[in-house]
Amino acid sequence: MRLGGRNALLSHAVKYSLQPRAVHLQSRTLQTLPQLPDLGLKLRDSPNPNAKNVAILGGGITGLAAAWNLQQRIPDVKITIYEKSPRLGGWVQSEKIPVENGHVLFEWGPRTLRPSMDSPGGIATVELIAQLGLADSLIAISKKSPAALNRYVYYPDHLVLLPGPGRGVLDLLLRLLKLRTEPIFDGVVQGLAVEPYVALRDPTVQDESVGDFLRRRFGKSLTDNLASAFFHGIYAGDLYKLSAHALLPSMWFLEGRDRENEPGILLQMIPFMFQRRSNVRGDSLRFHSLYAQDSIGRANRQGNMRALVSKLEQASVYTFKDGLREITTSLGERLSNNANVSIRTSSPVADVIFDKTESQVSVHSDGKSDSFDYVVSTLGPGMTKQFLTSSASRRKTTLTPDVSQACDHTNASVNVMVVNLYYREPDLLPQSTRGFGYLIPRSVPTEQNPERALGVIFGSETSGLPDTVVWGEGDLQLEGQDTAPGTKLTVMLGGHWWEGWAPSDLPSEEEAIEMSKNLLRRHLGIVQAPEVAKAHMNPNCIPQYPVGYRDDMATIHHALQSEYEGRFKVAGPWWQSGVGMSNSIQKALEVSWAIQHQWDDQTGLEDYAEDETWYIFDKRTGLLVNDPES
Ligand SMILES: Cc1cc2nc3c(=O)[nH]c(=O)nc-3n(C[C@H](O)[C@H](O)[C@H](O)COP(=O)(O)OP(=O)(O)OC[C@H]3O[C@@H](n4cnc5c(N)ncnc54)[C@H](O)[C@@H]3O)c2cc1C
């Protein structure tokens, strides 16, 4: 094992930057980092002289956060945001609904964020919230709240409470004992027990589906009854189509890591679960290292950072009084107040073409074209293929079949129908079933889920009920999202279940409301009529990450690099093998660093083009315990 030189320096950096209180510890990290670890990146003292004029494609959270970071880091840069729809925010949509005794807040897209203060996404998001001065309206849902402690899976015809962090070891044991008699548990213990003896994958295999991977290692029960429920909750996806290498990167790495000495994955994971070791991929390490040296964001923080961090350390998830739109609304307002930023709503981008002689990228929208030094695109592989095709045809060539296929293959997404219901009764659900909500695995019999639901969220539990929130020092009164008493529920329908369905076969929004009421009657015994019931179809809202995703991304990286010479960069869920809003905010920060420091060899996809490097650290000593180069 080589622990000297570069790795010793990295372990030194990470020892501090991975502490859970990372946001507090930045100054300490800076002091303890003698120099940037050799990650092959050169930091500029002054901003990139070529970045005078930047276009951002898409005015969702990724595009807005990218614009925000850029205008902070390159003070004179002119930024143009192109947004297809008349409003900013993309999938972030929070709506206040007046009801008899006040109002309730419905979320149509993302509803909560995870603090995870030692992950790049968590840190980037908290930093952004601090810069926008949104701490006062933050609602932090306590780690001790029902939503944090109780998560359910519906199987085969009732709610099953899952073991989780719970209320300590005794509670965990009691839950496990109860689960012993549950059909959902059949075969799970056997699957876990034999995992260390299961043959490791053929080293030539580059990827397989999440379902195949988990089934091979842990058995069918755990995969179909438990894991599929989580993949419904996060990706609304079919785990037999999603990429294990992209979505379970740590497990994928552990399986292939030390073929001679390590028996399987489970035993290797135990020290990670008990916080003894941390497993960090090279790209995360790079983020921590760069973030530690980026003082610009910190200089722009507003409010009491210590209070914000302290609240979030006690939180399992968080949101805001007016919903997650507070982030996008605040970004939109601040950016529109900056004379250097032009926001063009109702302006769909039709094409993006690079002029290699002038090093200018022209963006075509509304029949006009404007030239830019750089473009940050949050649009998906379908539009990207079109841009690459047009740029190639300008040079009188055509897009190569492998690039075309990579774009087509990864241009996969699912439709999700979101149904929000508000009932006047505050105790609609019995106390014994308070929790975050429940997910429905693929193995539930069709007669129990003819609606093709993915899960149900008990929305009131994460909207700021007084007994669920973290109270900060000096908080006398905390306002939640809803001023009217009652119960909010959200039913998510469709996702991969609707793949291949003709649009005419999909339910209308009225039908979806009726389907949701039927489901809630059958699953939870709710017979009361909701005071408000609304549904939104979100078409193609969650990108899917098919088997081979990483290779496709590498192919697209090389194509973008050769076509645009680093002047066209991508960010957002299509490109980051993860759908979370925090990951999008992180990627928006990283893309602005790439422009600020003139890293023209980066497209936002460069990590896929290299072998992954993993660093395993002993959390107590901060020392590296593996050889990342092997
Ligand atoms: C139902 C649902 C629930 C979710 N729940 C959560 C959650 O609880 N927590 C969480 O962290 N994440 C959640 N997510 C994921 C999160 O919402 C996304 O990761 C995030 O909103 C992505 O932001 P974005 O800006 O990259 O993309 P988008 O929000 O899709 O924004 C892209 C923008 O580009 C615009 N656009 C498209 N084409 C063009 C064009 N040709 N020209 C110009 N503009 C164009 C679109 O109109 C849109 O405004 C959820 C997503 C959905 C759909």
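The following refers to the structure shown. These figures come from a predicted structure and were not determined experimentally.

### Re the environment of Ile296
Now for step 1: Within the fold, Ile296 resides in helix α14 (residues 295-299).
Now for step 2: The exposure class assigned to Ile296 is partly exposed, which follows from its relative accessible area of 24%.
Now for step 3: On a C-alpha basis, the gap between Ile296 and Val189 in space is 50 Å, while along the polypeptide they are 107 residues apart.
Now for step 4: Once residues within four sequence positions are removed from consideration, Ile296 is found in contact with Gln72, Arg73 and Gln596.

### Examining the sheet that holds strand β12 (residues 360-365)
Now for step 1: Pairing is antiparallel in the open sheet, where three strands are placed in the order β11-β12-β13. The strands lining the two open edges of the sheet, one partner per strand, are β11 (349-355) and β13 (368-372). Shown here is a sheet whose adjacent strand axes are inclined to one another by a mean of 20°, direction ignored.
Now for step 2: One ladder, built from five bridges, connects β12 with β13; its direction is antiparallel. Bridge assignment links His364 to a residue of β13, and that residue is Ser369.

### Observations concerning the site of the ligand
Now for step 1: Around the ligand there are 31 residues in total, and Thr62, Glu83, Val349, Val579 and Met581 lie nearest to it.
Now for step 2: The backbone of Ile61 places a nitrogen or oxygen atom 3.0 Å from an oxygen atom of the ligand.
Now for step 3: Taking Thr62, its side chain carries an N or O atom lying 2.5 Å from an oxygen atom of the ligand.
Now for step 4: Computed on the free molecule, the ligand has an accessible area of 1000 Å², of which 85% lies beneath the protein chains in the complex.
Now for step 5: Here the shell around the ligand takes three residues from strand β19 (residues 532-543), the largest share from any one element.
Now for step 6: Its residues assigned to classes, the shell around the ligand shows 16 nonpolar, 12 polar and three charged.

### Focus on the packing of aromatic side chains
Now for step 1: Under the counting rule described, the total for this entry stands at 18 aromatic pairs.
Now for step 2: Judged by centre distance (5.6 Å) and plane angle (20°), the ring pair of Phe231 and Tyr235 falls under stacked. Placement of both Phe231 and Tyr235 in helix α9 (residues 220-235) is noted, with a separation of four residues, approximately one turn of the helix. The same class applies to Phe231 and to Tyr235, which are both buried.
Now for step 3: Residues Tyr438 and Phe458 carry aromatic rings whose centres are separated by 6.2 Å and whose planes lie at 65° to one another, so their mutual orientation is edge-to-face. Placement of Tyr438 in strand β16 (residues 437-439) and of Phe458 in the loop between β17 (453-457) and β18 (487-494) is noted, with a sequence separation of 20 residues between them. Neither Tyr438 nor Phe458 differs from the other in exposure class; each is buried.
Now for step 4: Here a set of aromatic residues connected by ring pairs shows up, and it is made of Phe231, Tyr235, Tyr545, Tyr549 and Tyr608.
Now for step 5: When the ring centre of Trp252 is taken as reference, the NZ or CZ atom of Arg201 above it lies at 3.7 Å.
Now for step 6: The positively charged end of Arg567 is found above the aromatic ring belonging to Tyr374, 4.8 Å away from the centroid.

### Examining the side chain of Ser584
Now for step 1: On the secondary structure map, Ser584 appears in helix α21 (residues 581-596).
Now for step 2: Exposure remark for Ser584: the relative accessible area of 2% places this residue in the buried category.
Now for step 3: Look past the residues within four positions of Ser584 in its chain and what remains in contact with it is Ile61, Thr62, Gly572, Pro573 and Gln576.

### Side note on the sheet that holds β17
In a beta sheet, neighbouring strands are held together by backbone hydrogen bonds and run either parallel or antiparallel to one another.
Now for step 1: Taken together, seven strands build an open sheet; the order of strands is β7-β6-β16-β17-β18-β15-β19 and the sheet is mixed. Two strands lie at the open edges of the sheet, namely β7 (159-161) and β19, each paired on one side alone. The sheet shows a mean angle of 25° between the axes of neighbouring strands, taken without regard to direction.
Now for step 2: The sheet contact formed by strand β6 (residues 151-154) and β7 spans three bridges and is antiparallel. From the neighbouring strand, Val153 faces β7, where its bridge partner is Val160.

### A short note on the pattern of salt bridges
Now for step 1: Applying the stated rule across the entire model yields 32 salt bridges.
Now for step 2: A salt bridge links Arg424 to Glu100, with the shortest nitrogen-to-oxygen separation between them at 3.9 Å. Residue Arg424 is located in the loop between β15 (413-423) and β16, and its partner Glu100 is located in the loop between β3 (94-99) and β4 (102-107); the two are separated by 324 residues in the primary sequence.
Now for step 3: Look at Arg424 and you get partly exposed, because its relative accessible area is 44%.
Now for step 4: Classification of Glu100 by relative accessible area gives exposed; the value is 56%.

### Things to note about the pairing of β15
Now for step 1: The element β15 is largely enclosed, with a buried count of 11 among its 11 residues.
Now for step 2: Here β15 shows no split at all, with Ser413, Asn415, Met417, Val419, Leu421 and Tyr423 on one side and Val414, Val416, Val418, Asn420 and Tyr422 on the other all buried.
Now for step 3: In this sheet, β18 lies alongside β15 in antiparallel orientation, the contact comprising eight bridges. When the bridges of β18 are listed, Leu421 appears paired with Leu489.

Quick notes on the rules
Residues numbered from 1 in each chain as written. Predicted model: local features only at pLDDT ≥ 70, side-chain atom pairs only at ≥ 80, totals over all residues. Heavy atoms only, no water. Helix = DSSP H or I, 4+ residues; strand = E, 2+ residues; numbered from the N terminus. Buried < 20%, exposed > 50% of the residue type's maximum accessible area, 1.4 Å probe, protein only. Contact = heavy atoms within 4.5 Å. Pairing = 2+ DSSP bridges. Axes fitted to C-alpha atoms, helices over the stretch in contact; angles between N-to-C directions. Near = heavy atom within 4 Å. Polar contact = N/O pair within 3.5 Å; in protein donor to acceptor, adjacent residues only side chain to side chain. Areas by Shrake-Rupley, 256 points an atom, 1.4 Å probe, with all protein chains shown as cover. Nonpolar A, V, L, I, M, F, W, Y, C, P; charged D, E, K, R; others polar. Phe/Tyr/Trp six-rings, centres within 6.5 Å; stacked < 30°, edge-to-face > 60°. Lys NZ or Arg CZ within 6 Å of the ring centre and 35° of its normal. Salt bridge = Lys/Arg side-chain N within 4 Å of Asp/Glu carboxyl O.

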